[in-house]
Amino acid sequence: MKIGNRQFDLSGDSTYVMGILNVTPDSFSDGGSYYDKDVALKHVEEMLEDGADIIDIGGESTRPGFQKVAPDEEINRVCSVISAIKERFDVPISVDSYKACVAEEAIKSGADVINDVWGFKLDNCSYKGYEGDENRTMAGVAVKTGVPVILMHSARPTPEEEQKLAAEGGTVHVPASEATGVVRDMKEYAEELISQINDMAETAVNAGVLKENIIVDPGVGFGRTQEENLAIMKYLKDICDRVSYPVLLGTSRKTFIGNALGLPVDEREEGTMVTTLMAVQAGCPFVRVHDVKKNARTIKMYKSIMNV
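The text that follows walks through the structure, step by step, so that each part is easy to find.

Parameters and conventions
- Residues numbered from 1 in each chain as written.
- Predicted model: local features only at pLDDT ≥ 70, side-chain atom pairs only at ≥ 80, totals over all residues.
- Heavy atoms only, no water.
- Buried < 20%, exposed > 50% of the residue type's maximum accessible area, 1.4 Å probe, protein only.
- Helix = DSSP H or I, 4+ residues; strand = E, 2+ residues; numbered from the N terminus.
- Pairing = 2+ DSSP bridges.
- Contact = heavy atoms within 4.5 Å.
- Axes fitted to C-alpha atoms, helices over the stretch in contact; angles between N-to-C directions.
- Parallel < 35°, antiparallel > 145°, perpendicular 65-115°, else oblique.
- Left-handed = near helix turned anticlockwise from the far one by under 90°.

## Focus on the pairing of strand β3 (residues 16-22)
So, step 1. Within β3, 7 of the 7 residues are buried, leaving the element largely enclosed by the surrounding structure.
So, step 2. Neither face of β3 is exposed, since Y16, M18, I20 and N22 on one face and V17, G19 and L21 on the opposite face are all buried.
So, step 3. Pairing of β3 with strand β10 (residues 286-289) involves 4 bridges; the strand directions are parallel. The residue bridging Y16 from the neighbouring strand is F286, located in β10.
So, step 4. Where β3 meets strand β4 (residues 54-58), 5 bridges bridge the pair, whose relative direction is parallel. Bridge assignment links M18 to a residue of β4, and that residue is I54.

## Let's talk about the sheet that holds β3
So, step 1. The parallel open sheet is built from 8 strands, whose spatial order is β8-β7-β6-β5-β4-β3-β10-β9. Across the chains shown, the open sheet's two edge strands, defined by having one partner strand only, are β8 (214-217) and β9 (248-249).
So, step 2. In the packing of helix α11 (residues 269-282) onto the sheet, the strands contacted are β9 and β10, and the crossing angle to β10 comes to about 170°.

## Regarding the packing of helix α2 (residues 71-88) against helix α3 (residues 100-108)
Helices that pack against each other are described as a pair by the angle of their axes relative to one another and the distance between those axes.
So, step 1. At a minimum axis distance of 9 Å, the contact between α2 and α3 shows a crossing angle of 25°. In this view, α2 runs roughly parallel relative to α3, as classed from their interaxial angle. The hand of the α2/α3 crossing is right-handed. Here P71, E74, I75, V78, C79 and I82 of α2 lie close against α3, whose contacting residues are C101, V102, E105 and A106.

By themselves, these figures tell us nothing about what the structure is for.
Following this line, the structure appears as structure tokens:
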């Protein structure tokens, strides 16, 4: 797969590191840390030195209870940083957004990949939960620009549904299995997820996106119970083997790691590195992480052992 000016080998022998750059004031892990452009550029330089292959830029946090950002504000946040990065570094950039108008402007500024945490799901909504895309879809932007896409499978409500729940005083992020108390067979859950991921990607193909331009993300942490998140990790190899597209794993510092270890967000790096190792073993071509250096070293050490 070609992303930007770089060719990525997706045969299963390589695991590429996507470094996270949040230009937001409220992201769950590093909110506000890289809001200043010069600080953001310095961090990109550090991530590239540490082994990042792609930089993923987000202008709106999607953590539980996230603060909605107007498209114009999100465009201002991400596009100026993307342009500045492209002026200084030859690195592929993905834009982490579920808004088609943001993705389109980001690509004009130099972004090479669309990373949609709702996996084009909002294209089917009459109102997406924000203004600006009434006559535009994410699939349409992907087809028009021809860039690769990362489609994440989310079990969360849409932004519009979340706003309604919050306004009514309801709990926004309670998966059905927690709300009903129903205990599920996790192997069966993984089987259903594999089917749903393939269906999600097939919808994008039917909309005109080239199959070879699709990467999928199982969506660890997005509207799932602790048990469901752990099940995705346990059955990750099955997911990689049986979905028809290359898989990106995004687990970095997420709540399920904190729950398993009883640790706050700034102490979850070892747990993240375990999931990165499992991603390599499962055959994931991409991992999305905050701490590039530690995770790149984890991959390098594992490859050194296995290549003997």
